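Per-entry structural report
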Amino acid sequence: MDGCRFATSPRRQACYESTLVRVSIVADSLALPRPLEAVAPVPYTGTYPYRLTRLLRADQDTRDVELLLSARRGRLMPEVADELREAHWNGAVGAFVHVGVCDCAPRILPPLLHEGLNLVRPELARDWIIRRLSQNRRTLIRALGNHVYTPAARFRSAVMAAAEVMQGCGMKLRCFVNVAPPDERLEYRSPGYDENVRR
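Position numbers for residues start from 1 in each chain and track the written sequence from start to end. Given that the model is predicted, a residue must reach a pLDDT of at least 70 before its local features are reported, and side-chain atom pairs must reach 80 or more before they are shown or counted; all residues, however, enter totals for whole chains, interfaces and linings. In computing side-chain values, all of the structure's heavy atoms are included and hydrogens and water are not.

Some details on the sheet that holds strand β4 (residues 173-176)
How we decide: Should DSSP find at least two bridges between two strands, the strands are regarded as paired. Only runs of H or I of at least four residues qualify as helices and only runs of E of at least two qualify as strands under DSSP, and these elements are numbered from the N terminus. Lines fitted to C-alpha atoms define the axes, with helix axes restricted to the stretch in contact, and inter-axis angles between N-to-C directions lie between 0 and 180 degrees.
Strand order in the open sheet made by the four strands is β2-β1-β3-β4, with parallel pairing throughout. Either end of the sheet is taken by a strand with one partner, and the two such strands are β2 (65-71) and β4. For this sheet the average axis-to-axis angle between neighbouring strands, irrespective of direction, equals 15°. Taken together, the four bridges between strand β3 (residues 92-98) and β4 define a ladder with parallel strand orientation. Paired with G94 across the bridge in β4 is L173.

Okay, here's the thing in structure tokens:
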């Protein structure tokens, strides 16, 4: 690295990039800022990818680690294998997968009905229906059943598919972060959430 340190700027950049170790974080909205959240707002500087980046850059042994963040609201586990392939194409040698909240959260309506609801026009009518459903969420989930976007068996097979992609790509660091169990407030609002997480 000494030869790179004193080289001209473009050469130094090329040397720096050749020593980078890229690690991907494939996540749902838990890795994103939530500044407008009423209960516990999270600014960008409070997100765990930001904090982890700062921590790695502060340490001499890990300052050449670059985190590639691929986070999106509503991400489901069956999408993760493709995200990992893309991370590998971008040079990632390892990955953290932190997905599952959206998969196992109890829903009032089955996925197809939920998608159909988004097509209701005018928007005023759709918003009124969504508001009424949300106000009666607990009662409706108990009455209509605990619908999820990704059933437990499909979730497990998607985890296995993602693990196979990581192994097939030769990723040396392969980490799946467990879905955190809901707190009492969330479990009360969405009965069955805790049971879904444990499955």
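Observations regarding the confidence of the model for the chain
Rules: The pLDDT value tells you how sure the predictor is about a given residue, anywhere from 0 up to 100. Contacts were defined at the residue level, with two residues in contact if any of their heavy atoms lie within 4.5 Å.
In the predicted model, the chain carries a mean pLDDT of 87, and 91% of its residues have values of at least 70. Residue range residues 1-9 is modelled with pLDDT below 50. Its contacts to residues more than four positions away, or to other chains, number five contacts. Low pLDDT, under 50, characterises residues 11-16; the predicted model gives this stretch six contacts beyond four residues in sequence or across chains.

Some details on the pairing of strand β1 (residues 21-27)
Note the cut-off: We call a residue buried when its accessible area falls under 20% of the maximum for its residue type, exposed when it is over 50%, and partly exposed in between, using a 1.4 Å probe and counting protein chains only.
Counting buried positions along β1 gives five out of seven residues, so the element sits mostly inside the fold. Sheet analysis places β1 next to β2, joined by seven bridges and oriented parallel. Looking at the pairing, S24 lines up with L68 of β2. Sheet analysis places β1 next to β3, joined by six bridges and oriented parallel. Looking across to β3, one finds that V23 is bridged to G94.

Points about the packing of aromatic side chains
Applied cut-off: Each Phe, Tyr or Trp ring, with Trp reduced to its six-membered ring, pairs with another whose centre is within 6.5 Å; inter-plane angles below 30 degrees give stacked pairs, above 60 give edge-to-face pairs, and intermediate values give tilted ones. Placement of a charge over a ring requires the Lys NZ or Arg CZ to be within 6 Å of the ring centre, with the centre-to-atom vector within 35 degrees of the ring normal.
In total, this model carries one aromatic pair according to the counting rule given. Its guanidinium or amino end placed over the ring of Y188, R138 lies 3.9 Å from that ring's centre, counting from NZ or CZ.

A look at unusual backbone geometry
Going from R121 to P122, the amide bond is cis rather than trans, its omega being 0°. If you trace the backbone, P122 turns up in the loop between α6 (111-117) and α7 (123-135).

As for the nonpolar core
How we decide: Buried residues of nine kinds, namely Ala, Val, Leu, Ile, Met, Phe, Trp, Tyr and Cys, make up a nonpolar core once their side-chain atoms join them within 4.5 Å.
By size, the foremost hydrophobic cluster in this structure holds 15 residues, and its most contacted members are M77, V80, L84, V97, M166 and M171. For this core, the secondary-structure elements that each account for two or more residues are α4 (80-89), β3 and α9 (152-168). Setting aside chain neighbours within four positions, we find V97 in contact with V26, M77, V80, L84, M166, C175, F176 and V177. Counting seven residues, the second-largest nonpolar core is a separate cluster that includes A27, L56, V65 and L67.

A look at the packing of α4 against α9
Using the following cut-off: Orientation categories follow fixed angle ranges, with anything under 35 degrees roughly parallel, anything over 145 roughly antiparallel, 65 to 115 roughly perpendicular, and all other angles oblique. Two helices that cross are described as forming a left-handed crossing if the nearer one is turned anticlockwise from the farther one by less than a right angle, and a right-handed crossing if clockwise. Gly is placed with the polar residues, together with every amino acid not listed as nonpolar (Ala, Val, Leu, Ile, Met, Phe, Trp, Tyr, Cys and Pro) or charged (Asp, Glu, Lys and Arg).
Where α4 contacts α9, the two axes come as close as 8 Å, and the packing angle between them is 15°. Classified by the angle between their axes, α4 and α9 sit roughly parallel to one another. When you trace α4 past α9, the crossing you get is right-handed. Taking contact as the criterion, the partners of V80, A81, L84 and R85 in α4 are, on α9, A161, A162, V165 and M166. Broken down by class, the residue content of the contact of α4 with α9 amounts to seven nonpolar, no polar and one charged.

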